[in-house]
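# Fold and geometry: a report
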Amino acid sequence: MLDSKIPEGPLKEKWTKHKSKIKLVNPANKRKYHVIVVGTGLAGASAAASLSELGYNVHVFCIQDSPRRAHSIAAQGGINAAKNYPNDGDSIYRLFYDTVKGGDFRSREANVYRLAEVSNCIIDQCVAQGVPFAREYSGYLDNRSFGGAQVSRTFYARGQTGQQLLLGAYSALMKEVGKGAIKLYPRTEMLDLVIADGVARGIITRNLVTGKVERFAADAVVLATGGYGNVFYLSTNAKACNVTASWRAHKKGALFANPCYTQIHPTCIPVHGDYQSKLTLMSESLRNDGRVWVPKKKGDTRQASQIPEDERDYYLERKYPSFGNLVPRDLASRNAKLVCDEGKGVGATGQAVYLDFADAIKRLGADKLKERYENLFEMYERISGVSAYKEPMMIYPAVHYTMGGLWVDYNLMSNLPGLFVIGEANFSDHGANRLGASALMQGLADGYFVLPYTIGDYLAGVKSGQTKTDLPEFAEAEKQVKEKTDRLLSIKGKKTVDEFHRELGKLVWDKCGMARNDAGLKEALKRIPEIRDEFWKNVNVPGSGTDLNQSLERAGRVADFLEFSETLVRDALHRRESCGGHFREEFQTPEGEALRDDNNFCYVGAWQFQGVGNEPTLHKEALNFEEVHLAQRNYK
Amino acid sequence: MPHDPLPNLIIMTKTITLTLKVWRQKSKSEKGKFEVYKADNIDTDMSFLEMLDVVNEKLTKEGKEPIAFDHDCREGICGACGAVVNGQPHGPLDATTLCQLHMRNFKTGQTLVIEPWRAKGFPIVRDLVVDRSSFDRIMAAGGFVSVKTGSAPEANSIAVAKKNAELAMDAAQCIGCGACVAACPNASAMLFVGAKVSQLSLLPQGKIESKERVLKMVKKMDEEGFGNCSNEYECEAACPKSISVTNIARMNKEFRQAEVDS
C-alpha cells in the first residue's frame, strides 16, 4: 500500500495544521537551492514564479517558443472558486463535495478539500495581477454556472479564461525572468529524468533548434507537463501536448496512477475528415444557454428548423430533470454516444447532436448571447461555415483531459524523492471525472499555493547544491537520449510518424474510449505492441538531429505514446467497474449509469514500470472517505 | 466513431488544387529561397495548417524535408502559428489566425506565396519558423503587475468599472503572434506593446507601476530592433484578435505623461 502522507486531524484542519508544521528553508539559504520546473502552463508558470519570489534558484523549460503558448491558454469557460459572491449557498465544503461527487468518489478527500480551500486565494491573486475577469455593472466580479454544480461559482473572462489566467501566470514568471531570478529555456524538451541513489537529481534536455543535448542538475525537479490526451491522436489538446516527460520519469521509477481515467468532453465540433489534425472544443459554458437534443425519429434527415418541437428529444433534460443540460461531462458525453448509437445522431456522419440556442435567443436576445459567447460562436462559424445564431450547433464528444497522471502524495511529491508533479500531469484531485472549470483551479492551486509550501518541507531536509552533472547517471542518461535520437533517424522506413500516431489513436479511441469492454481491451493489448514493433522498423523520420526537426520531435513523442498506451489499456482492463470517465460496458446499472464497485476498487491504481511490453506492477493507495458518504451519483 | 472516414454517408466534399510557393531556409545563417509545390485534392473543409500537413506528408514520403512551421493549439489562441500568405499575415480572412483559416476561402488553380514573418526583431529559425523571443523580453521588462503570490487583497475589494474591464479585456486578447509586426512597413511592435500597456493602465491594479512600465517596455521594444509607428493601421488590419490601434494612442499618451513626470 502506498503512503499518501495525508496529515492527521479533521479534514477541515489538515492543510492549516500541515502548513504550520512543515519544515522551512531559511530565506538566506533559499537561493542555494536549485529547482527545475518543466512546463509553463498554469501549474508550471505559477509554481516557477512563486518559487522564485520565495528566493529559490529556478530554471524553467518549455518546448514552445515562448512560455505563454502552453496549452492552458486554450481553456475557455472559467475557473471555479467558493467565493459565494452570488449568495446562492456556495461554500468551501460544497465545492469540495461537488468535486468529490463529480469525480465519482475516486479522488483523495484531503487533496480535494485543500483545493476548495485555496480556490478563493487564486481569484484574489489573479485579480491583483490584472486578469480582466468579467464584471457586473457595479464593478464587482460576475459568475456563471458550470456542469455538476447547482451554484454559480465560475469566474470567467469571456470564452478565454485560460488565456487570461495563463497570461497572468506568465507575467508573474516574466517578472522574475526580467529580474534575472529565473533562467528560462524555451524550445527545449526534457528527454530524461536523472535519478541517483533513488533521488531525482536533474534532467537531460534537447535544444529543439540546435539539437544540442544537455544536462541540468538541481535539488528538486518539478514536472508540470500536462496530460496525455494526444495518445488518442485526435483530441482537443494542442498538437505538441505529449506524455514524454511523465513517461520517461515513469521509466525511471515514478508510479503512473489511474491512466484509464480519461475525460471525453461532450461539446466539441464533430470530426469531418481523415486529414483532420485536431478537434475543437466548444466551451461547456454553452450548456448554460444551449439545449441539447436529437430528433426522436431514427435517421431523420430534415434540417433542424424543420423538426417540430414534439419530434425532438431533449434527452438530458428528460433523463436528468434537476441538472438538465448541466450534468457532468462524463454523463453528457455518454448520453450523446447512446443516442448516436441508436441512430438518432445528426449531420453528415450521424455522429453529432444539436446544441440549440434558439430558446436562449428568444429569451435573452442575440446581443446578450453575443456578449457571453461571441468568440465561441465565431470560432464555430469559421470551422463549420454555419452561424449558431441561426442554426443549432452540431457537437460530439472528444478527448479533452486526463485525470490520471504520475502518482503524488499529499505534498505533490512522487514516490521518487525530489520529483514533484503538479497540474494535469499528476493524478491527484479529480478522481475519475473532472468537473468543468476545475482544471484551471487545480493548476493554479498547485503552483501558487501548495507546491511553494510543500517543496520547502523536502528541501529543508536535503543539503543544497549537492548534485553535479558529472555523476555517471547523467552521462548514462545523456547517452541513452542520444542513442534514441540516432535510432529514430536511422530507420528511414516507409510510413510517416503521423501515420503511426493516427493508427494508434484510432485503436485506443475504439477500444479504450467512451465505452470499454474486456474483449476490446484485450484486442488493443495485442495490437499495440504490433504497431510499436512496426514503428521501430518502418518509421520514416527525415532530416537530422542537429537542427530544428519537427518530425523528429513528434517521433520521440509517438514512440512514448506507443509504450504508454499499453499501460493505459492495462489499467482500464484491470479496473472491473465503471466510474466517471472510465465506463466498462459490463458494469452498468439497469438505467445504463456507471456502476462502481466500492468493495473491490475504491483505490488509486499506481503502476510501476517493469520494462517495455512487460506487465507493470500494480500498487494500491486505499481511498478512505471520512467526510463524504459513498453513494451512487445522482443528477436526476 | 470520430476517426472513421465517415462511412456510408453522403458528404459534400469539395476539393481544390493549388500551387504553393514556399519560403525554404535551413537556418538563420543560410540563404533562403522559394520552392514550388503542388497541393492536389485539398478538401475545402481543411484548415490551412492541415493543408500544409498534407503537403508535408507527401514531401516526407518523397524523401524530402517537410516545411517547418510553428503551430500548437490550432484553435487560434496560442499564437504560435502564422505566415504571410500572398502578402497578408495569417492570410486573406479578417480576424483569423492561419490555423483557423479554412481552405474554402481559396479557389482551385490559385497560387499561394507563403513566407515567414519578416522583421529585424524576428530572426528566421527555419522555413516559416521565426524567433519571437524579443516579445518575451519586452514582457519581462515591464508587462506585469509586481504582486507577489499570497499578497493579493480580497478580489472584490477592487471594483473595476465594467467599461474599463471590457476595454482591458479587448486589449488583453492579444495572442502574441507577431502578425502586427509582420504587417507593418516599419516592423513596429507598437500594437503588441500598446495592448499590454493599455490593459494594465486601464485597471486600478496596474496604475501604480504604469509610468515605469511604459518607459521600460518601450525602451526594450526599441532595443530589440522594432520600428516606429507611422499610422499605417496595417497592424490592426492583420491582427487576428482585431486589437484596435486605439491601444497605441493610449500607450503614446501614457508614455508622454511618464516622460514629463520622470
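Keep in mind the model is a prediction, meaning the values are calculated, not measured. Every chain is numbered on its own, with residues counted from 1 as its sequence reads. Each chain gets a letter, beginning with A, and each ligand a number, beginning with 1, in the order they are written. Given that the model is predicted, a residue must reach a pLDDT of at least 70 before its local features are reported, and side-chain atom pairs must reach 80 or more before they are shown or counted; all residues, however, enter totals for whole chains, interfaces and linings. The side-chain quantities take in all heavy atoms of the structure and omit both hydrogens and water.

### Looking at the overall build of chain A
The condition that has to hold: Only runs of H or I of at least four residues qualify as helices and only runs of E of at least two qualify as strands under DSSP, and these elements are numbered from the N terminus. Every radius of gyration here is taken over C-alpha atoms, with the globule rule written as 2.2 Å times N^0.38, N being the number of residues. Relative accessibility thresholds used throughout: buried, under 20% of the residue-type maximum; exposed, over 50%; partly exposed, between the two (1.4 Å probe, protein chains only). Two residues form a contact once any of their heavy atoms are found within 4.5 Å.
Assigned secondary structure in chain A consists of 17 helices and 19 strands. What you see for chain A is a C-alpha radius of gyration of 24 Å, in line with the 26 Å of a compact globule of 636 residues. Considered along the principal axes of its C-alpha atoms, chain A spans approximately 75 × 60 × 50 Å. Taken over 636 residues, chain A has a buried fraction of 69%. Here the contacts in chain A between residues at least 6 apart in sequence split such that 74% fall between residues at least 24 apart.

### Notes on the overall build of chain B
Keep this limit in mind: Areas reported as accessible are Shrake-Rupley estimates using a 1.4 Å probe. Residue values count occlusion only from the protein chains shown. For the purpose of counting charges, residues Lys and Arg are taken to be positive, whereas Asp and Glu are taken to be negative. His and the chain ends are not included. Charge positions are represented by NZ for Lys, CZ for Arg, CG for Asp and CD for Glu.
Within chain B, the regular secondary structure consists of nine helices and seven strands. Judged by the C-alpha coordinates and their principal axes, chain B covers about 65 × 45 × 35 Å. Burial statistics for chain B: of 262 residues in total, 59% are counted as buried. Taking the intrachain contacts of chain B between residues at least 6 apart in sequence as the baseline, contacts between residues at least 24 apart amount to 70%. Accessible surface computed for chain B: about 10,900 Å², of which carbon and sulfur atoms make up 52%. Between the averaged position of the 33 positive side-chain charges in chain B and that of its 33 negative side-chain charges there is a distance of 3 Å.

### What to know about the interface of chain B and chain A
The condition is simple: Once two parts are brought into contact, the accessible area they lose, counted with a 1.4 Å probe and summed over both, makes up the buried area. Salt bridge criterion: a side-chain nitrogen from Lys or Arg within 4 Å of a carboxyl oxygen from Asp or Glu.
Counting residues at the interface gives 82 residues for chain B, matched by 93 residues for chain A. The contact between chain B and chain A buries some 7,300 Å² in all, and 53% of this surface belongs to carbon and sulfur atoms. Between Glu371(A) and Lys162(B) there is a salt bridge whose closest N-O contact spans 3.6 Å. Those elements giving two or more residues to the side of chain B that touches chain A turn out to be α1 (48–61), β6 (124–126), β7 (129–130), α2 (133–142), α3 (162–172) and α5 (190–201) of chain B.

### Some points on the environment of Met46(B)
Relative to the assigned elements, Met46(B) resides in the loop between β2 (33–43) and α1. The exposure class assigned to Met46(B) is buried, which follows from its relative accessible area of 4%. With 54 residues separating them along the chain, Met46(B) and Gln100(B) place their C-alpha atoms 9.4 Å apart. Residues contacting Met46(B), with those up to four places away along its chain left out, are Tyr275(A), Met51(B), Val54(B), Leu101(B), His102(B) and Met103(B).

### Brief notes about the sheet that holds strand β16 (residues 405–406) of chain A
Residues and elements named next belong to chain A. Rules: Two strands pair under a simple rule: DSSP has to find at least two bridges between them. Where helices are involved, their axes are fitted lines through C-alpha atoms of the stretch in contact, as for all axes, and angles between N-to-C directions lie from 0 to 180°.
Judged by pairing direction, the sheet is antiparallel, and its four strands sit side by side in the order β16-β10-β18-β19 without closing on themselves. This sheet does not close on itself; its edge strands, each paired only once, are β16 and β19 (617–622). Of the strand pairs in this sheet, strand β10 (residues 256–257) and β16 are connected by two bridges, and their pairing is antiparallel. Bridging across to β16, Phe256 finds its partner in Leu406. Along the sheet, helix α16 (residues 550–574) contacts β10, β18 (603–608) and β19; its crossing angle with β18, the most-contacted strand, is approximately 145°.

### Quick word on the domain arrangement of chain B
All names here are of chain B. The criterion, for reference: An automatic or database domain assignment supplies the residue ranges for each domain. We call two N or O atoms a polar contact when they sit within 3.5 Å, provided that within protein one can donate a hydrogen and the other can accept it, with sequence-adjacent residues counted only if both atoms are side-chain atoms. In this classification, the charged set is Asp, Glu, Lys and Arg, the nonpolar set is Ala, Val, Leu, Ile, Met, Phe, Trp, Tyr, Cys and Pro, and all remaining amino acids, among them Gly, are polar.
According to the domain assignment, chain B consists of domain 1 (15–125) and domain 2 (155–261). Summarising the inter-unit geometry, the C-alpha centres of domain 1 and domain 2 are found 29 Å apart. If you look at the interface, domain 1 gives 17 residues, while domain 2 gives 18 residues. Buried area between domain 1 and domain 2, both sides added, is near 1,200 Å², and the carbon and sulfur share of it is 65%. For the interface between domain 1 and domain 2, the tally reads zero salt bridges. Inspection of the region where domain 1 meets domain 2 yields two residue pairs in polar contact (both at pLDDT 80 or more). A breakdown of the residues in the side of domain 1 that touches domain 2 according to their chemical character gives nine nonpolar, six polar and two charged.

### Here we look at the pairing of strand β15 (residues 393–402) of chain A
Residues and elements named next belong to chain A. The buried fraction of β15 amounts to nine of the 10 residues, a majority that puts the element mostly inside the structure. Strand direction decides the pairing type here: strand β11 (residues 262–268) and β15, joined by five bridges, are antiparallel. Looking across to β15, one finds that Ile264 is bridged to Val399.

### As for the side chain of Arg74(B)
On the secondary structure map, Arg74(B) appears in the loop between α1 and β3 (84–85). Looking at Arg74(B), the relative accessible area reads 4%, which means it is buried.

### Remarks on the nonpolar core
The following threshold applies: Nonpolar cores were defined as sets of buried Ala, Val, Leu, Ile, Met, Phe, Trp, Tyr and Cys residues, with membership established by side-chain atoms within 4.5 Å.
Counting 231 residues, the largest nonpolar core has Ile79(A), Phe133(A), Leu193(A), Met393(A), Leu419(A), Ile455(A) and Phe535(A) as its most contacted members. If you look at the next biggest cluster of nonpolar residues, it comprises 28 residues, including Ala39(B), Phe48(B), Leu59(B) and Leu112(B).

### Looking at the pairing of strand β12 (residues 291–295) of chain A
Residue and element names in this part refer to chain A. Taking burial as the measure, the five residues of β12 include four buried ones, the bulk of the element. Relative to strand β14 (residues 353–356), β12 runs antiparallel, the two sharing three bridges. Counterpart to Arg291 in the pairing with β14 is Asp356. Note that β12 and strand β13 (residues 312–313) share two bridges and pair antiparallel. Bridging across to β13, Val294 finds its partner in Asp313.

### Remarks on the sheet that holds strand β8 (residues 213–217) of chain A
Backbone hydrogen bonds are what pair the strands of a sheet, in a parallel or an antiparallel way. All names here are of chain A. Across the sheet, three strands lie side by side as β6-β7-β8; this open sheet has antiparallel pairing. Looking at the sheet topology across the chains shown, the edges are occupied by β6 (188–196) and β8. In this sheet, adjacent strand axes meet at a mean angle of 25° when their direction is disregarded. Pairing geometry for strand β7 (residues 199–207) and β8, over five bridges, is antiparallel. Considered in β8, the bridge of Arg206 is made with Val213. The strands that helix α13 (residues 472–490) touches are β6, β7 and β8; relative to β6, the one it contacts most, it runs at about 140°.

### Notes on the pattern of salt bridges
Should the charged atoms of two oppositely charged side chains come close, the side chains can pair. Residues and elements named next belong to chain A. Going through the model one piece at a time under the given rule, you end up with 89 salt bridges over all chains. The partner of Asp192 in a salt bridge is Lys252, and the shortest N-O contact between them spans 3.1 Å. On the criterion of sequence distance, the pair formed by Asp192 in strand β6 and Lys252 in the loop between α7 (244–251) and β10 is long-range, its members being 60 residues apart. Judged by its relative accessible area of 6%, Asp192 falls in the buried class.

### Considerations on the domain arrangement of chain A
All names here are of chain A. Domain boundaries in chain A define domain 1 (266–398) and domain 2 (483–620). Using only C-alpha atoms to locate each centre, domain 1 and domain 2 end up separated by 30 Å. Every contact between the two is made by nine residues of domain 1 and, on the other side, 10 residues of domain 2. Together, Asp330, Arg334 and Lys337 form the three largest contributors to the area buried by domain 1 at its contact with domain 2, with a combined 56%. Where domain 1 meets domain 2, there are zero salt bridges. Across the contact surface, domain 1 and domain 2 share one residue pair in polar contact (both at pLDDT 80 or more). Of all the secondary-structure elements, those providing two or more residues to the side of domain 1 that touches domain 2 are α9 (329–341) and β15. Tallying contributions element by element places α9 first for the side of domain 1 that touches domain 2, with five residues. Grouping the constituent residues of the side of domain 1 that touches domain 2 by class yields four nonpolar, one polar and four charged.

### Remarks on the packing of aromatic side chains
Operational definition: Geometry of aromatic contacts follows a simple scheme: Phe, Tyr and Trp rings, the Trp one being its six-membered ring, pair when their centres are within 6.5 Å, and the pair is stacked under 30 degrees between planes, edge-to-face over 60, tilted otherwise.
Evaluated as defined, the whole model comprises 35 aromatic pairs over all chains. Between Phe377(A) and Tyr389(A), the aromatic rings sit 4.6 Å apart at their centres with planes inclined by 45°, giving tilted as the arrangement. On the criterion of sequence distance, the pair formed by Phe377(A) in helix α11 (residues 366–384) and Tyr389(A) in the loop between α11 and β15 is long-range, its members being 12 residues apart. With relative accessibility at 2%, the residue Phe377(A) sits in the buried group. Judged by centre distance (3.7 Å) and plane angle (5°), the ring pair of Phe135(B) and Phe192(B) falls under stacked.

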